[in-house]
Amino acid sequence: MLHTQHLTIHRKDYTVPDYLIETVDLTFDLDAEQTQVVSRLAIRSNHDRSGAPRPLVLDGEELTLVSLKLDGVELDADRYQVEEGRLSIPAPPESFQLEATTRISPKANSALSGLYASGSMLCTQCEAEGFRRITYFIDRPDVMAVYTVTLKADRATCPVLLSNGNLTTRGDLPDGRHFATWHDPFKKPSYLFALVAGDLVHISDRFATMSGRQVNLEIYVEQRNREKCEHALRSLERAMRWDEEQFGREYDLDIYMIVAVDDFNMGAMENKGLNVFNSRYVLASPQSATDDDYHAIEEVIGHEYFHNWTGNRITCRDWFQLSLKEGLTIFRDQEFSADMQSRPVKRIADVKSLRSAQFAEDAGPLAHPVRPESYLEINNFYSMTVYHKGGEVIRMLRTLLGLEAFRAGMDLYFERHDGQAVRVDEFVQAMADAGKRDLSQFMRWYDQAGTPLLIVSDDYQEQTGIYTLTVVQSCPPTPGQPVKEPFHIPLAMGLLDREGHELPLQLEGEARAAGTSRVLELREGSQSFRFVGIASRPVPSLLRNFSAPVKLEYPYGEGDLALLMTRDSDPFVRWEAGQVQAVQLIMGLVADIREGRALSVKESFIDSFGRLLADEKQDRGFLAEALTLPLESYLAEQMEVIDPSAIHQARELVRDTVGERLREPLLAVREACAPRAPYRPDDGLAGCRRLGNLCLSYLMATGSREAIGLSMAQFESADNMTDSLGALSTLAGCACPERDEALGAFYDRWREDRGVIDKWFSLQATSRLPDTLERVMQLLEHPDFDIRNPNRARSLIGAFSQGNQVRFHEEGGAGYRFLADQILRLNSINPQIAARMLTPFSRWRRFDVGRQEQMKKELARILAEPGLARDVYELAAKSM
Ligand code: 7ML
Ligand code: ZN
């Protein structure tokens, strides 16, 4: 049972707000130590006034109230109440102006929610409930208002003053201060409010929208980062064009600003006209950013831009609907990235992250539906499930409806709900109406947690030429949901004959075949599909393009997998067939290790690996994905009781064997991938670099002097961060003298660059060498370690506990004690970050009894902490 001091919020308890706020007029007297906020709100009642007036309840946290006026008259102390968390006025008029003056302290705000200081600048983060830490307000997304904001600050230290919308006036004030007034003509919820003040420079460009309007694009950074914004600006332009071309959506203000901030809890924030970004998703230079960094920047820039329509123009009625904007916007940014880069490689990367993180969430005590039923702290629901499973749900709708009807559904959604705060239901209804389909069963994807399992079997009758596929679906129980109803699942598939030809797919009763790839719709617990005209027993190609976020079992033989891997038309299925082979091999070795049997890697695996490696026709990026072994975390998911050290040992044995046995082809492919010209991030060779670095990592798995020499040579000669880090990460995992030499040189070269030093911390935290925890503890004392900076905390503590399964779960529980200590430190500094660090502890049930006890002990120690933040309390209590 959850503690009563924390109040659970239930979706079913939603009621419309008692009062609405039409206009908001804010004046900030900015100062890092103490900022004064004057708020003038035009408020009117939103309920029937024939009975008694209802109290006006405003949210407010960590505020010092200086004065409160109603229609210009100071309110006597007996006309209102201030408690922790709110201010109430028992009987206000039907329509009135409320003026509240409050004081806040940005510098003391280490939670980085509300108004806070980052370096020398002041900035805000309001989603989900940070606005109440700035001023008293009805802080919920269905209260939408027009904002006018005046910022006053010292001209010398804060020459730049930004807020949402358009700049209306600016000028000087006495005492070296100045002001700027911004007006945002679009009604918005409070979570989209933002301000930034500081000594910033910007780069800019003009963008002509599809209707010919000119928009000013501006990216603001600290002076020293001026040269690192180009890629972000070009990414923004690409995103704007893409949304026009793919969805017919045009930008709506005359100015679009992005500010990069070093201290930021999340990736970025879509505040109307004024995005605030974690600087890691803005700043890039060819020397200091990897290919992955470049891609991530493009994706996050796209994500925040796409929110302008999916989130801002149409927002969420309440926070249970979070996936309405986040699932949809994730889907949009994934499609944008797929169009900008390699579609198959992008899809594979997305599936990998879904499977290793979201499937694990769905299988544990923190499992929740895409649309949760209840929460204590909404910040804890910015989860893989709400975001990424939510994105898969949108993708399934597109698969079920087809491209055209899906686009029509999007248009209908925008047409019906522009300017509103709505529910997931409204979105799905627009899709149902546009596609003329009944999606009531489909809604279960929003309401039922857990990853469905599809068990597929088949039967072939030679005499009749009928091939029958039978699919049985089930879904395991999750907290509060012991029994599940069947889902409506699109299962994309094809059939291959023994030569690998794709067969025409004609179901019994159909007049003709409908292509060689089709979508079967599952709606029942068990369903059979009878294909006619099949001349010989086929191999089924299932879940093409990962058409649904499910687990699928089919008894593939080795020959079947080899056929799919080399011949299937669907790149995801080709990749998956290789992964299934690797999983089978590694899990076989895990069993051998646990039972003390002799270990050897099957010849057939090395052969097929070698054949793939030699396939020059394959796209380099795709090939790199196909030759990458499943993550240790994904392998862990395949085990009843996770044995982290056996998984690591088995996977390393395969890597070592590949490196040993395929030394020559690995060297040759790496050589063929070697740079021929100076690095450019957009040279189209990211896949090549990835493959080259993968080859190096296999060679380094053997620990040979030859490989170490190659790594050092690459480290010393690389002209780009991808190759530098590719080499350094292999050295960080190598028990050789070159390890410290290279790490030291890297630090000296990059000590002034925060983003790169984050990588330097992570690399050491994810080293699989046995002394890693010891090193991580030493790094806590490093002068550059700062637990108050979220990126830095994640780069060391997060990287070790979430990216180094074998060392974190090392016998003895030292990793667990370390993590709990850091969570307790973070609890009083930044509860959101503290809560996110709890994830590994939520998985305790999956381990052996010894580890279970140790993890539970740490959870109990966390729960016993006096003054535990609600964020941390909720996850720790639910994990127990
Ligand atoms: C996801 C975000 C948040 C939290 C950004 C904060 C956001 C809420 C915000 C994908 C790409 C970039 C960022 C995020 C992310 C967790 C993840 N509204 O825009 O969703
Ligand atoms: Zn988002």
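Preceding this paragraph is the structure being described.
Residues numbered from 1 in each chain as written. Chains lettered and ligands numbered in written order. Predicted model: local features only at pLDDT ≥ 70, side-chain atom pairs only at ≥ 80, totals over all residues. Heavy atoms only, no water.

Draft legend 1. View of the overall build of the chain. Counting secondary structure elements, the chain contains 27 helices and 31 strands. Relative to a compact globule of 880 residues, whose C-alpha radius of gyration would be 29 Å, the chain shows 28 Å and is just as compact. Counting only C-alpha atoms, the chain reaches 90 × 70 × 60 Å along its principal axes. Put simply, the chain has 880 residues, and 60% of those count as buried. Intrachain contacts of the chain at a sequence separation of at least 6 include 71% that bridge at least 24 residues. Surface exposure of the chain reaches about 34,100 Å², of which carbon and sulfur atoms provide 49%. For the chain, the distance from the average position of its 100 positive side-chain charges to the average position of its 130 negative side-chain charges is 1 Å. (Helix = DSSP H or I, 4+ residues; strand = E, 2+ residues; numbered from the N terminus. Rg over C-alpha atoms; globule rule 2.2 N^0.38 Å. Buried < 20%, exposed > 50% of the residue type's maximum accessible area, 1.4 Å probe, protein only. Contact = heavy atoms within 4.5 Å. Areas by Shrake-Rupley, 256 points an atom, 1.4 Å probe, with all protein chains shown as cover. Lys, Arg positive; Asp, Glu negative; His and termini not counted. Charge placed at Lys NZ, Arg CZ, Asp CG, Glu CD.)

Draft legend 2. Expanded view of the coordination of the zinc ion (ligand 2). In this structure, H303 (NE2), H307 (NE2) and E326 (OE) serve as the protein donors to the zinc ion (ligand 2), at separations of 1.9 to 2.1 Å. Counting residues between consecutive donors of the zinc ion (ligand 2) along the chain gives the motif H-x3-H-x18-E. Here H303 is found in helix α2 (residues 291–306), whereas its partner E326 is found in helix α3 (residues 322–340), with 23 residues between them in sequence. Take H303 and E326: they sit in the same class, and that class is buried. (Donors = N, O, S within 2.8 Å, 3.2 Å for Na, K, Ca; no water.)

Draft legend 3. Spatial organisation of the packing of α3 against helix α4 (residues 343–362). Interhelical geometry of α3 versus α4 gives an angle of 145° and a closest axis separation of 7 Å. Read as a crossing pair, α3 and α4 show a hand that is right-handed. Within the contact between the two elements, α3 uses Q334, E335, S337, A338 and D339 and α4 uses R343, K346, R347 and D350. Considering only residue class, the contact of α3 with α4 consists of one nonpolar, two polar and six charged. (Axes fitted to C-alpha atoms, helices over the stretch in contact; angles between N-to-C directions. Left-handed = near helix turned anticlockwise from the far one by under 90°. Nonpolar A, V, L, I, M, F, W, Y, C, P; charged D, E, K, R; others polar.)

Draft legend 4. Examining the environment of L542 more closely. On the secondary structure map, L542 appears in strand β30 (residues 539–542). The spatial distance from the C-alpha of L542 to the C-alpha of S517 is 9.9 Å, given a sequence separation of 25 residues. With residues near it in sequence (within four places) discarded, L542 still touches V456, L469, A492, M493, L552, Y554, Y556 and V573.

Draft legend 5. Focus on the pairing of strand β17 (residues 200–208). In terms of strand pairing, β17 meets strand β18 (residues 214–222) through nine bridges, oriented antiparallel. What sits directly across from H202, in β18, is Y220. Taking the residues that link successive antiparallel strands as the turn, the β17-β18 hairpin has five residues, and the phi of G212 there is positive, at about 95°. (Pairing = 2+ DSSP bridges.)

Draft legend 6. Region of the structure containing unusual backbone geometry. The linkage connecting E127 with the following residue, A128, adopts the cis geometry, with an omega of 0°. Along the chain, the position of A128 falls in the loop between β11 (121–125) and β12 (144–154). Backbone geometry places E62, a non-glycine residue, at a positive phi of 55°. By the element assignment, E62 lies in the loop between β4 (56–60) and β5 (64–70). Look at E62 and you get exposed, because its relative accessible area is 60%. We note that L112 has phi near 60°; this positive angle belongs to a residue other than glycine.

Draft legend 7. Focus on helix α17 (residues 705–717). With 13 residues, α17 ought to run about 18 Å at 1.5 Å a step, and its terminal C-alpha atoms sit 18 Å apart, in line with that. Within α17 the residues assigned to the buried category are A707, I708, S711, M712, Q714 and F715. The buried residues of α17 occupy an angular sector of 165° when the element is viewed end-on, so they sit on one face. In α17, those exposed residues whose orientation departs by more than 90 degrees from the buried face are R705, E716 and S717. (Expected span 1.5 Å × (residues − 1). Arc of directions from axis to C-beta.)

Draft legend 8. Structural detail: the site of ligand 1. Close to ligand 1 lie 14 residues; E127, E270, E304, E326 and Y387 are nearest. In this structure, a nitrogen atom belonging to ligand 1 sits 2.5 Å away from a side-chain N or O atom of E270. Within the side chain of Y387, a nitrogen or oxygen atom sits 2.7 Å from an oxygen atom of ligand 1. Against a free-state accessible area of 430 Å², the protein chains account for coverage of 87% of ligand 1. For the shell around ligand 1, the secondary structure elements donating two or more residues are β20 (268–269), α2 and α3. Split by residue class, the shell around ligand 1 holds seven nonpolar, two polar and five charged. (Near = heavy atom within 4 Å. Polar contact = N/O pair within 3.5 Å; in protein donor to acceptor, adjacent residues only side chain to side chain.)

Draft legend 9. The arrangement of the sheet that holds β5 in detail. Read from one edge to the other, the open sheet built from eight strands follows the order β6-β5-β9-β3-β2-β12-β15-β14, with strand pairing classed as mixed. Single-partner strands in this sheet number two, and they are β6 (73–74) and β14 (166–172). The sheet contact formed by β5 and β6 spans two bridges and is antiparallel. By the bridge assignment, K69 is partnered in β6 with E74.

Draft legend 10. Main features of the state of the cysteines. Scanning all chains against the criterion turns up one disulfide. A sulfur-sulfur separation of 2.3 Å characterises the disulfide bridge that pairs C734 with C736. Among the residues examined, C734 registers a relative accessible area of 9% and is labelled buried. (Disulfide = S-S within 2.5 Å.)

Draft legend 11. Spatial organisation of the sheet that holds β30. Judged by pairing direction, the sheet is antiparallel, and its three strands sit side by side in the order β28-β27-β30 without closing on themselves. If you trace the sheet from one side to the other, it starts and ends with β28 (518–522) and β30, each paired once. Across the sheet, the mean angle separating the axes of adjacent strands is 40° when strand polarity is ignored.

Draft legend 12. Up close: the nonpolar core. In this structure, F427, F531, F841 and I862 are the most contacted members of the largest nonpolar core, which totals 213 residues. Top element by residues in this core is helix α10 (residues 571–594). It accounts for twelve residues. Sequence-distant contacts of F427, that is, excluding residues within four places in its chain, are made with L324, L328, I394, L397, M410 and Y413. Core analysis: the next-biggest nonpolar cluster, separate from the first, contains 74 residues, L58, Y80, F137 and V143 among them. (Core = buried A, V, L, I, M, F, W, Y, C linked by side-chain atoms within 4.5 Å.)

Draft legend 13. Spotlight on the pattern of salt bridges. Tallied over the entire structure, the rule returns 89 salt bridges. In this structure, the salt-bridge partner of D682 is R680, at a minimum N-O distance of 2.9 Å. A residue is classified by how much of its surface remains accessible, and D682, at 59% relative accessible area, is exposed. Exposure remark for R680: the relative accessible area of 47% places this residue in the partly exposed category. What emerges from the salt-bridge pattern is a single network uniting R11, R371, E373, R423, D425, E426 and D447. (Salt bridge = Lys/Arg side-chain N within 4 Å of Asp/Glu carboxyl O.)

Draft legend 14. Seen up close, the environment of S342. Examined against the element boundaries, S342 turns out to sit in the loop between α3 and α4. Separated by 29 residues in sequence, S342 and R371 place their C-alpha atoms 31 Å apart. Looking at S342, its side chain comes within polar contact range of the main-chain nitrogen of V345, at 3.3 Å.

Draft legend 15. Layout of the pairing of strand β3 (residues 35–45). In terms of strand pairing, strand β2 (residues 19–29) meets β3 through ten bridges, oriented antiparallel. Each bridged residue has a counterpart across the sheet, and for Y19 the counterpart in β3 is S45. With antiparallel pairing between neighbouring strands as the criterion, β2 and β3 make up a hairpin whose turn holds five residues. Pairing between β3 and strand β9 (residues 95–104): ten bridges, direction antiparallel. Bridge pairing links S39 to A100 in β9.

Draft legend 16. Structural context of the packing of aromatic side chains. Scanning the entire structure with this criterion turns up 38 aromatic pairs. Ring centres of Y413 and F427 lie 4.9 Å apart, and the angle between their planes is 85°; on these two criteria the pair is classed as edge-to-face. One end of the pair, Y413, is in helix α6 (residues 403–417); the other, F427, is in helix α7 (residues 424–435), and 14 residues separate them in sequence. Like F427, Y413 is buried. Geometrically, the ring pair formed by F800 and F818 is edge-to-face, given 5.7 Å between the ring centres and 85° between the ring planes. Taken together, the residues span a long stretch of sequence, with F800 in helix α22 (residues 790–803) and F818 in helix α24 (residues 814–829) at a distance of 18 residues. Just as F800 is buried, F818 falls in that class too. Connected via pairs of aromatic rings, a cluster forms that spans W242, F247, Y251, Y256, Y305, F306 and F336. (Phe/Tyr/Trp six-rings, centres within 6.5 Å; stacked < 30°, edge-to-face > 60°.)

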